[in-house]
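Each chain, written out:
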Amino acid sequence: MKSICVKSLTKVYDNRVTALKNVTLSIEEGSFIAVMGHSGSGKSTLLQMAGLLDLPSEGSVVINGEEVSSLKKNELANVRMKTIGFVFQAFHLNPQLKAYENVMLPMLINPEYKKKSEIEQHARKLIDKVGLSERAEHYPNELSGGEQQRVAIARALANDPDFILADEPTGNLDSDNEANIFELLKELAKSGKGVMVVSHNEAILDYVDKVYYMKDGTLAEERI
Amino acid sequence: MNISKLLFVSRANLKGAKRKKTVLVMMVLAVISVAVLANFLNLIAYNYNTKLNSIEFRQIEVDPEVVYPSHSYKGVNDKTIDEVLSIEHVVSCEPIRYNEYQSFDIIDIKDDNGNDVTVNGNEIDLEKIERVLGEYRVDEELTVNCAVGQSLKDSPVMSCIIPDKGMLFNQENFTMSDYDISYLYGKTLTVECLYNALVFSKADGQGFEEGGYSNETVELAKLTLKLKVVGVYSLSEYAPVTGANTLLVSPETAQTIENMAVEEAKKTMPNTVDEYVSDPYARRFMVTVDSRENVAEVEAELLELGYRPFIWGIMDPSFEQFATMFSGGGTFLLVAVLLLTTINLFLSVYSNINERKAEIGLLKAIGYKSRRIFLSMYLENVIQAVRAIIIGGVVSAGIVLTANIINLNSVVFQYRMLIIPWTRFGFYILIAFALILVIPLVCQLIMTTLITRIQPQEAMNS
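Because the structure is predicted, anything quoted here is derived from the model rather than measured. (Residues numbered from 1 in each chain as written. Chains lettered and ligands numbered in written order. Predicted model: local features only at pLDDT ≥ 70, side-chain atom pairs only at ≥ 80, totals over all residues.)

Novice: Even after reading the chapter, I still don't get the overall build of chain B, so can you show me in this structure?
Specialist: If you tally the helices and strands in chain B, you get 13 helices and 18 strands. The proportion of buried residues among the 462 residues of chain B is 33%. Within chain B, counting contacts between residues at least 6 apart in sequence, those at least 24 apart form 82% of the total. (Helix = DSSP H or I, 4+ residues; strand = E, 2+ residues; numbered from the N terminus. Buried ≥ 20, exposed ≤ 12 C-beta atoms within 10 Å, placed from the backbone. Contact = placed C-beta atoms within 7 Å.)

Spelled out as structure tokens, the structure:
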């Protein structure tokens, strides 16, 4: 089974601030989990560790059975490219690229795609998948917040990763849009992806299989 | 790495770049500065130095011994030649064996088959040709290379090389125009000249001189010569050294012509040429100095030793002033523009990276490596550089074309030295292009640590 397992993760910044203390957690394929907690509880740090955006001070990260926390930067980048898709609160779409062109970005560095035409075709399919086929040619500033986040999700799916990690994906959206986003993430989990969402928003509880609560850098509670 | 994939992001980012217009303008200015300013500066310096380093500015003429009632001058002879050669910076001391300049009339021009020469079926204008090729000059150092045919170094005696264009002066409107004479390549010019020589003979006390040598200009002979045009050189390239309308012959050809004149003169005036022929010191001597800077010192030394030196090669002071003024002002402007461009590019690269931390973080998060991000950002500058070279190249070409036309039509011959050949212009455009590719690369390399330091988790910042 494909999974991201973080074991006994500890992260200390500048030898002073302990953001994570001995956290163990796994994200399995087909699961949809949420990590919740107040600001400063360490949930974003946990997402960074799980997504290999940063390395732990102690502990290990195992992705699909392979211990990855000791890999070099370029190797970590390759692992992220192939196995993890990210969705961020601020969308981070390139304003100079159209919706489908933003989705193309991760595929441009994937050696499996030789031709740009191939990449474009796949990007358009992903745009269709998130329900934005009529908006594919629009620039981000012509899209609503919800539409932009759906483009971001399509981008996260570009290289067909095993896992989607989302950091406050509905932080900048209204309630209608947040429901759409959670619904979309739920569908991705049903299709076999492992989805982890870091969020304040309790509305997510209606969609997830499991919730982890974090407090002061530790996992305080786990609910199914 | 696929360039089109790299360019995909670069082109997009360039659309939204805040400083792109400023960067483009600075790059265009840099291109124009290098292609025009630096080109002119270098051309002036090159022509100025080429002219000054030519042999005519490194030679001092010394006349044979002469004794006047009030004073006397030593001449070069078997007793004094070693003294002259021992002066510091003196390279050689040789007798002038032939006329370095000789005017002539062109009476005929034929091809190899002995036929009259035509141009596009029309008879050639002999009078016009004579206006531009009315004398020959000796290429002492054989440094002029021909674009067509052979140079004098490789050519037989009684051959010559000509410029590709002559300069015709129009007396009605006081303008100069080019006259193509390159078609004369391979043709034989039949010319007539009155060969004069400055003949020295032992003073007989009848004239001003009490002793030593007296001299007179003697018409040795009227000669008819056949000179085959074996090569054509570029006037624009060699104008600083040869001057305009200069048909060049080798020293051997000049010596042969001199010998012909002397042989004729022996038949008609044997007594006059007797010493001219038999006394090796009945000649002016040319003292060659190692460099122009030492000419004054050698001249002073010759005077001190009692010789009578003449310096003929003196640079036109107005040209020297023009060259100095333009060089100084132009250099300052060029340095200022390049400095501004570098600073602007540096600031642009720095702010580009700083303002795009979240974007760079995102790219790293989705798997982009620092090297690819670096290349992608550098390509933005490459795209700007290509635009700048096109715009700057067109503007520079316009400036150079205008300047060339003005200089071409100027009655002041020195301005011909400021005509920039298009091959030279192309070379400087390449230098400009290399510069506007290298400066941003250097700036970006210096900023590499900034890109490397940006972590993927920056993407999580709004």
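Back to the text.
Novice: Sorry, what's going on with the overall build of chain A here?
Specialist: For chain A, the count of helices and strands is six helices and 10 strands. Taken across its 224 residues, chain A has 50% of its residues classed as buried. Relative to all contacts within chain A whose residues are 6 or more apart in sequence, the contacts with residues 24 or more apart total 69%.

Novice: So what exactly am I meant to see when it comes to the interface of chain B and chain A here?
Specialist: Where the parts come together, the accessible area they lose is often given as the size of the interface. Of the residues lining the interface, 23 residues belong to chain B; the matching set on chain A comes to 24 residues. Per element, the largest residue contribution to the side of chain B that touches chain A is seven residues, and it comes from helix α1 (residues 3-16) of chain B. Residues of the side of chain B that touches chain A, tallied by class, amount to 10 nonpolar, seven polar and six charged. (Nonpolar A, V, L, I, M, F, W, Y, C, P; charged D, E, K, R; others polar.)

Novice: Quick question: what am I supposed to make of the confidence of the model for chain B here?
Specialist: Detailed reading of the predicted coordinates is not advisable wherever pLDDT falls low. Residues of chain B with pLDDT of at least 70 account for 95%, and the chain-wide mean is 85. For this predicted complex, the interface confidence comes out at an ipTM of 0.91, alongside a pTM of 0.70. (pLDDT = per-residue confidence, 0-100.)

Novice: Please explain the environment of L46 of chain A as it appears in this structure.
Specialist: Residue and element names in this part refer to chain A. Along the chain, the position of L46 falls in helix α1 (residues 43-50). Note on L46: 27 C-beta atoms within 10 Å, which makes it buried. Remark: the alpha-carbon pair of L46 and M214, spanning 168 residues in sequence, is separated by 9.6 Å.

Novice: Is there a simple way to think about the sheet that holds strand β4 (residues 58-63) of chain A in this case?
Specialist: Two orientations exist for strands paired in a sheet by backbone hydrogen bonds: parallel and antiparallel. Pairing within the open sheet is antiparallel, and its four strands lie in the order β2-β1-β4-β5 (chain A). Strands with a single pairing partner mark the edges of an open sheet, and in this sheet they are β2 (17-28) and β5 (66-67) of chain A. (Pairing = 2+ DSSP bridges.)

Novice: Got a minute to help me understand the sheet that holds strand β8 (residues 194-198) of chain A in this structure?
Specialist: All names here are of chain A. Strand order in this open sheet of six strands is β6-β7-β8-β3-β9-β10, and the pairing throughout is mixed. Taken across any chain shown, the strands that pair with only one partner, and hence form the sheet edges, are β6 (84-88) and β10 (218-223). The mean inter-strand angle of the sheet, taken between neighbouring strand axes irrespective of direction, is 20°. Pairing analysis gives five bridges linking β6 to strand β7 (residues 163-167), with the strands arranged parallel. Its bridge partner lying in β7, F86 is registered against L165. α1 rests against β3 (32-36), β7, β8 and β9 (210-215) of the sheet, and its axis sits at about 150° to β8. (Axes fitted to C-alpha atoms, helices over the stretch in contact; angles between N-to-C directions.)

Novice: What's the story with the packing of helix α2 (residues 20-53) of chain B against helix α12 (residues 422-446) of chain B in this structure? I'm lost.
Specialist: The packing of two helices is summarised by the inter-axis angle and the distance between the axes. All names here are of chain B. Two elements in contact, α2 and α12, have axes whose closest approach is 9 Å; the angle formed by their N-to-C orientations is 145°. The chirality of how α2 crosses α12 is right-handed. Counting all contacts with α2, which are made through M27, A30, V31, V34, A35, A38 and N39, the residues of α12 involved are R424, F425, Y428, I429, I431, A432, L435 and I436. Among the residues forming the contact of α2 with α12, the class breakdown is 13 nonpolar, one polar and one charged. (Left-handed = near helix turned anticlockwise from the far one by under 90°.)

Novice: Help me understand the packing of α1 of chain B against helix α11 (residues 370-408) of chain B, please; the structure alone is not making it clear to me.
Specialist: Residues and elements named next belong to chain B. At a minimum axis separation of 8 Å, α1 and α11 run at an interaxial angle of 60°. α1 and α11 meet at a crossing whose hand is right-handed. Seen from α1, the contacting residues are L6, L7, V9, S10, R11, N13 and L14; seen from α11, they are L375, S376, L379, E380 and I383. Class assignment of the residues belonging to the contact of α1 with α11 gives a composition of seven nonpolar, three polar and two charged.

Novice: I keep staring at helix α5 (residues 145-156) of chain A and nothing clicks. Help me out?
Specialist: Residue pairs spaced three or four apart in an α-helix point in one direction, given the helix's 3.6 residues per turn. Residue and element names in this part refer to chain A. For α5, spanning 12 residues, the distance from its first C-alpha to its last is 16 Å, which sits close to the expected 16 Å at 1.5 Å a residue. Of all 12 residues in α5, 11 are buried; the element is thus mostly enclosed. Buried within α5 we find G146, E147, Q148, Q149, R150, V151, A152, I153, A154, R155 and A156. At its buried positions, α5 is contacted by β6, α3 (99-104), α4 (116-129), β7 and α6 (175-190). (Expected span 1.5 Å × (residues − 1).)

Novice: Is there a simple way to explain the pairing of β8 of chain A in this structure?
Specialist: For a regular strand, side-chain orientation follows a simple rule: the groups alternate between the two sheet faces. Residue and element names in this part refer to chain A. Burial runs high along β8: five of the five residues are buried. Residues of β8 alternate between two faces, with G194, M196 and V198 on one and V195 and V197 on the opposite face, all of them buried. In the sheet, β3 pairs with β8 via four bridges, with the strands oriented parallel. In the sheet register, F32 faces β8, and the bridge partner there is V195. In this structure, β7 lies alongside β8, joined through five bridges in parallel fashion. The partner of A166 across the bridge, within β8, is V197. Each parallel crossover has a hand, and the one from β7 via α6 to β8 is right-handed. (Right-handed = clockwise from strand over helix to strand, strands pointing away.)

Novice: Looking at this structure, I do not really get the environment of E101 of chain A. What am I missing?
Specialist: Take E101 of chain A: it is sitting in helix α3. Separated by 54 residues in sequence, E101 of chain A and R155 of chain A place their C-alpha atoms 9.2 Å apart.

Novice: Sorry, what's going on with unusual backbone geometry here?
Specialist: Peptide bonds are trans in most cases, and residues, glycine excluded, mostly fall at negative phi. Unusually for a residue other than glycine, N22 of chain A sits at a positive phi of about 50°. Among the structural elements, N22 of chain A can be located in strand β2. In the Ramachandran plot, H89 of chain B falls in the positive-phi region, its phi being about 80° despite a non-glycine side chain. Structurally, H89 of chain B is set in the loop between α3 (81-85) and β4 (90-95). A residue is classified by how many C-beta atoms lie within 10 Å of it, and H89 of chain B, with 16 of them, is partly exposed.

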